[in-house]
Amino acid sequence: MNVVLNEVSGQLHTAGESRSAVDKVKQFITQHIGEDISREDIASHVNLNPDYLTRMFKKETGLTISEYVLQERVGMAKEMLAKTNLPVGSIAASVGYTNFSHFSKMFKKAAAIGPQDYRKLHGCLCR
């Protein structure tokens, strides 16, 4: 009986650690969204092997780290497109894209619509 309890306790502890690490990864990504962040940078921040972190993150979230970064960047860009009149190029730079055409391509991949068209549909009338 004690063996089973110890094993369950160990599994719960490991699950708690992975959630904690994934939460730290998400927080790190949010804090550094405008920067060029690599999988190695993220893994170093949480003191884990990059390959192990990648597997753990995918298992916990259902997304790869790069898919999550894209999702977060596009989400922030959508918010800025809808709520500000900042130029699209400035928004792209603020969410970590130095190449405007790459930003447009990635935005369209994630949102199924380009950033300019997104702004036309959802943008504010703040002039």
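The structure under discussion appears in the preceding block.
Below, the structure is looked at part by part. This structure is a prediction, so every number in the text was calculated from the model and none was measured.

1. A short note on the overall build of the protein
Right, so step 1: Across its full length, the protein holds seven helices and zero strands.
Right, so step 2: Within the protein, residue pairs in contact and separated by at least 24 positions form 56% of the contacts whose partners lie at least 6 positions apart.
Right, so step 3: Just so you have it, the protein exposes about 8200 Å², and 54% of that area is on carbon and sulfur atoms.

2. What about the packing of helix H4 (residues 65-83) against helix H6 (residues 100-111)?
Right, so step 1: Where H4 meets H6, the closest approach of the two axes is 10 Å, and the angle between their N-to-C directions is 95°. Comparing their axes, H6 and H4 come out roughly perpendicular. In this structure, H4 uses Leu 70, Val 74, Ala 77, Lys 78 and Leu 81 to contact H6, whose residues at the interface are Phe 103, Met 106, Phe 107, Lys 109, Ala 110 and Ala 111.
Right, so step 2: Looking at the contact of H4 with H6, its residues break down into nine nonpolar, no polar and two charged.

3. Some words on unusual backbone geometry
Right, so step 1: Of note in this structure, Asn 47 is not a glycine but carries a positive phi near 55°.
Right, so step 2: Among the structural elements, Asn 47 can be located in the loop between helix H2 (39-45) and helix H3 (50-61).
Right, so step 3: We note that Ala 112 has phi near 65°; this positive angle belongs to a residue other than glycine.
Right, so step 4: Mapping Ala 112 onto the fold places it in the loop between H6 and helix H7 (115-122).

Basis of the calculations
- Residues numbered from 1 in each chain as written.
- Predicted model: local features only at pLDDT ≥ 70, side-chain atom pairs only at ≥ 80, totals over all residues.
- Heavy atoms only, no water.
- Helix = DSSP H or I, 4+ residues; strand = E, 2+ residues; numbered from the N terminus.
- Contact = heavy atoms within 4.5 Å.
- Areas by Shrake-Rupley, 256 points an atom, 1.4 Å probe, with all protein chains shown as cover.
- Axes fitted to C-alpha atoms, helices over the stretch in contact; angles between N-to-C directions.
- Parallel < 35°, antiparallel > 145°, perpendicular 65-115°, else oblique.
- Nonpolar A, V, L, I, M, F, W, Y, C, P; charged D, E, K, R; others polar.

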